[in-house]
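# Breakdown of the fold
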Amino acid sequence: MLRITDVRTGESTDAVRARRGPVRVQAHPAGADTSALRVLLVADVLARALELGGTPALTAADPPADLRARADALGIRRADAGTAGPGPALHVLAPGDTVTEGIRVEVAPVTGTADPALLRLLLLATPRHEPVDLDAADLDGARETLARWRTAVATWATRPSKPIPEAVKQELRAAWEDDLDVPAVLDVLRRLESDEEVPYGARFETYAYADRLLGLELTREIGSVL
C-alpha cells in the first residue's frame, strides 16, 4: 500500500484512508512557472501510483491556460477543474501553501530552464522535496538516457515476451509505495537495462510496466527497430 509523508505532521501515512471509492488528488499550482508545473507532475504520478495499486484516483486542478499547455506537452494527464469532490484528499502543493484538511504532499521549487523534451525525466529524477536547478542539470545525460531506453525497449519488443521477474516487480512497487520514491524506480531500470540474467522480453515488460507510472513514453519507438 502506498504510504506518503504528510508535511503537516512529518509522518508517513497511508495514502488510501478508506477502501470505498476513489482517492482525491488535489493539485495546487501557484502561478504558471516550472515550479507550478512540477506540482501538477507530482499529482499526476501520485494518481498513477494509486491506480497501479488498484485504487481509483480523481485528480483535480485548475491551472491557467499557459500552464495547462505546458502540462499537456509534458504528458501530464488532464485533471478536473476545481475540486475533486467531498471528503479527505491528498493535496499536492508548494512549500508555504496551506489547506484545511487532508494530507499535504509538498513539492520543492524549480529554477532554470531546460529542453521541454527532457523536462519530465529531469524532474522525476530528483526527490520531490528537493529543489531542482535545471541550469545545473545533466541535459546531455538525460537526452542520452531517454534515447537509449526507447531504442532498447523497441529492440526488446521484437523478442518473445517474458513475465516481469517477481523480485523486480516487488522492488519497483516497494519504491513507489515508499513515499513515491520515483528516483528509486529509475535506479531499478538503470540496473535492469544491462542485467544479462533477465531475458529481453522480461526487460521489455518491466519497462512498459514502470512507464505506466513514469509516463516517459518509453515504448514510443516500437516498430522503428527491425
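Up top you'll find the structure we're talking about.
Notes on the structure follow. (Residues numbered from 1 in each chain as written. Predicted model: local features only at pLDDT ≥ 70, side-chain atom pairs only at ≥ 80, totals over all residues. Heavy atoms only, no water.)

### A few points about the packing of aromatic side chains
Overall, the coordinates contain three aromatic pairs when judged by the stated rule. Consider the rings of W156 and Y207, whose centres lie 5.1 Å apart with planes at 70°: the pair is edge-to-face. One end of the pair, W156, is in helix 4 (residues 139-156); the other, Y207, is in helix 7 (residues 200-214), with 51 residues separating them in the sequence. Each member of the pair, W156 together with Y207, is buried. With a centroid separation of 5.6 Å and 50° between ring planes, the pair formed by W176 and Y209 is classed as tilted. Of this pair, W176 sits in helix 5 (residues 166-177) while Y209 sits in helix 7, and the two are 33 residues apart along the sequence. The exposure class assigned to W176 is buried, which follows from its relative accessible area of 0%. When its relative accessible area of 9% is taken as the criterion, Y209 is described as buried. (Phe/Tyr/Trp six-rings, centres within 6.5 Å; stacked < 30°, edge-to-face > 60°. Helix = DSSP H or I, 4+ residues; strand = E, 2+ residues; numbered from the N terminus. Buried < 20%, exposed > 50% of the residue type's maximum accessible area, 1.4 Å probe, protein only.)

### Focus: the nonpolar core
Judged by nonpolar contacts, the single largest core of 68 residues is most densely connected at V25, L46, L50, L90, V92 and L214. Looking at which element gives the most residues to this core, the answer is helix 1 (residues 34-52), with 13 residues. Excluding residues that lie within four positions of it along the chain, L214 makes contacts with R120, L124, V182, V185, L186 and L189. (Core = buried A, V, L, I, M, F, W, Y, C linked by side-chain atoms within 4.5 Å. Contact = heavy atoms within 4.5 Å.)

### Topic: the environment of V105
Along the chain, V105 turns up in strand 6 (residues 103-106). Distance from V105 to H91, taken between C-alpha atoms, is 5.8 Å for residues 14 residues apart in sequence. Excluding residues that lie within four positions of it along the chain, V105 makes contacts with I4, T5, L46, H91, V92, L93 and R128.

### Here's the deal with empty space enclosed by the protein
The full count for this structure, using the stated rule, is one cavity of 30 Å³ or more. The computed volume of the largest cavity comes to approximately 120 Å³. R38, L41, V42, V45, L123, L124, T126, P127, R128, L180, V182 and P183 are the residues that line the largest cavity. Those elements giving two or more residues to the lining of the largest cavity turn out to be helix 1, helix 3 (116-124) and helix 6 (182-193). Examining the composition of the lining of the largest cavity, we find that four residues originate from one element, helix 1, more than from any other. Its residues placed into classes, the lining of the largest cavity shows nine nonpolar, one polar and two charged. (1 Å grid on protein atoms, 1.4 Å probe; cavity = no way out; pocket = protein on both sides within 12 Å on 5 of 7 lines; lining within 4 Å. Points joined across faces, edges and corners; volume = space filled by probe spheres on them. Nonpolar A, V, L, I, M, F, W, Y, C, P; charged D, E, K, R; others polar.)

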